[in-house]
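# An overview of the molecular structure
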Amino acid sequence: MRFLLTNDDGVHAPGIFALKKALEPLGHVFVVAPERPRSAMGHAITLHKPLRLAETTLADGAPAWSSNGTPADCVTLGALEIMDEKVDFVFAGINHGPNLGWDVHYSGTVSAAFEAVMVGYRAAAFSVASFDQEIHWDTAGCYAARIARFLCENPTGPHTLVNINIPNLPCHDIRGIALASQGPRQYVDRIEKRLDPAGRPYYWLGGTLAARDAPAGTDVRAIADGYVSVTPLQLDLTEPSLLRDLESLKDWPPV
Ligand code: MN
């Protein structure tokens, strides 16, 4: 099998190397990733400046390609320019940090996988659900390898992807795999206002997570309980019950 591997933490991030190692027993891995960290880019694509690809070398001496584009751009460049569209599966990650619940809309990692499924490839995104400096990449790589093998052997539906988050724990402390829906993810104190030396205000975006118990059955809860969360996602964001609530609009006469 031929795999396209990208991320949003940059081509030399430890997480993409861990995922490359996990995928190598399953097929040929083509690494095409941003030249620098591009986390929280969402699904941005580059339309108004030139995109570049450069060959680089990973820690094991293997060749890879870096780009000045976004994670979604890397999927397009990798599939069309590097792999001649012969792509069996697109993997994104392993991200350093969680991609849980509503946060997937901000995620460059998950958006790279969404870019892949938009053009008809199969895709999955992997993240370690921690911003700690010390990450158990061996645990994450071990689960990524097992889940990637399963996904390669069990085709998923078109235009869907699988989002996987792995707790930052030693392997023996992981309690198992939980199939989970997207949980709520709300932040408080979302901006911090400071003054620069000239007395003008500036702002840092961020905030802390609202303190509340995540509902059972969600990815947020699974991670809090020490499980690997596996969440199927789809491109179609249509809300069917709201479609019904709005139905009378179609009876309005033309103005
Ligand atoms: Mn990232």
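Residues numbered from 1 in each chain as written. Predicted model: local features only at pLDDT ≥ 70, side-chain atom pairs only at ≥ 80, totals over all residues. Heavy atoms only, no water.

## Section: the overall build of the protein chain
Helix and strand content of the protein chain: 6 helices and 13 strands. Scaling as 2.2 N^0.38, a compact globule of 255 residues should have a C-alpha radius of gyration of about 18 Å, and the protein chain matches this with 20 Å. Summarising its shape, the C-alpha atoms of the protein chain cover approximately 60 × 55 × 45 Å along the three principal directions. In the protein chain, buried positions account for 47% of the 255 residues. Sequence separation of 24 or more characterises 76% of the internal contacts of the protein chain that already satisfy a separation of 6 or more. Accessible surface, the protein chain as shown: approximately 13800 Å² in total, 56% of it carbon and sulfur. The positive charge centre, built from 21 side chains, and the negative charge centre, built from 29, are 2 Å apart in the protein chain. (Helix = DSSP H or I, 4+ residues; strand = E, 2+ residues; numbered from the N terminus. Rg over C-alpha atoms; globule rule 2.2 N^0.38 Å. Buried < 20%, exposed > 50% of the residue type's maximum accessible area, 1.4 Å probe, protein only. Contact = heavy atoms within 4.5 Å. Areas by Shrake-Rupley, 256 points an atom, 1.4 Å probe, with all protein chains shown as cover. Lys, Arg positive; Asp, Glu negative; His and termini not counted. Charge placed at Lys NZ, Arg CZ, Asp CG, Glu CD.)

## Looking at the packing of aromatic side chains
This structure, assessed with the given rule, holds 3 aromatic pairs. Where Phe 89 meets Phe 91, the ring centres are 4.5 Å apart and the plane angle is 10°; that geometry is what we call stacked. For the pair formed by Phe 89 and Phe 91, the shared burial category is buried. A network of ring pairs unites the aromatic residues Phe 3, Phe 89, Phe 91 and Phe 126 as a single cluster. Between the NZ or CZ atom of Arg 146 and the centre of the ring of Tyr 143, over which it lies, the distance is 5.1 Å. (Phe/Tyr/Trp six-rings, centres within 6.5 Å; stacked < 30°, edge-to-face > 60°. Lys NZ or Arg CZ within 6 Å of the ring centre and 35° of its normal.)

## Things to note about the sheet that holds strand β6 (residues 123-128)
The strand order β3-β4-β2-β1-β5-β6-β7-β13-β8 describes an open sheet built from 9 strands, whose pairing is mixed. Since the sheet does not close on itself, it has two edges, and those belong to β3 (53-57) and β8 (177-179), each with one partner. Sheet twist, expressed as the mean angle between neighbouring strand axes with direction ignored, is 25°. Judged from the 5 bridges that link them, β3 and strand β4 (residues 63-67) form a sheet pairing that is antiparallel. Bridge pairing in β4 places Thr 57 opposite Pro 63. Contacting β1 (2-6), β5 (89-96), β6, β7 (160-166) and β13 (228-234), helix α3 (residues 108-118) runs over the sheet at an angle of about 175° to β6. (Pairing = 2+ DSSP bridges. Axes fitted to C-alpha atoms, helices over the stretch in contact; angles between N-to-C directions.)

## Description of the coordination of the manganese ion
Where a metal carries four tetrahedral donors, each ideal angle is 109.5 degrees; where it carries six octahedral donors, the ideal angles are 90 or 180 degrees. Within the protein, Asp 8 (OD), Asp 9 (OD), Ser 39 (OG) and Asn 95 (OD1) serve as the donor atoms for the manganese ion, at 2.1 to 2.2 Å. Look at where the donors of the manganese ion fall in the sequence and you get D-D-x29-S-x55-N. Here Asp 8 matches Asp 9 in class, with each residue buried. (Donors = N, O, S within 2.8 Å, 3.2 Å for Na, K, Ca; no water.)

## Let's talk about unusual backbone geometry
The residue after Gly 93, namely Ile 94, is reached through a cis peptide bond having omega -5°. Looking at the secondary structure, you find Ile 94 in strand β5. Positive phi values are uncommon outside glycine, yet Ala 40 reaches one of about 60°. With respect to the element layout, Ala 40 can be found in the loop between β2 (28-34) and β3. Here His 159, not a glycine, exhibits a phi torsion of approximately 60°, which is positive. Along the chain, His 159 turns up in the loop between α4 (137-153) and β7.

Any functional reading would require information beyond the geometric quantities listed.
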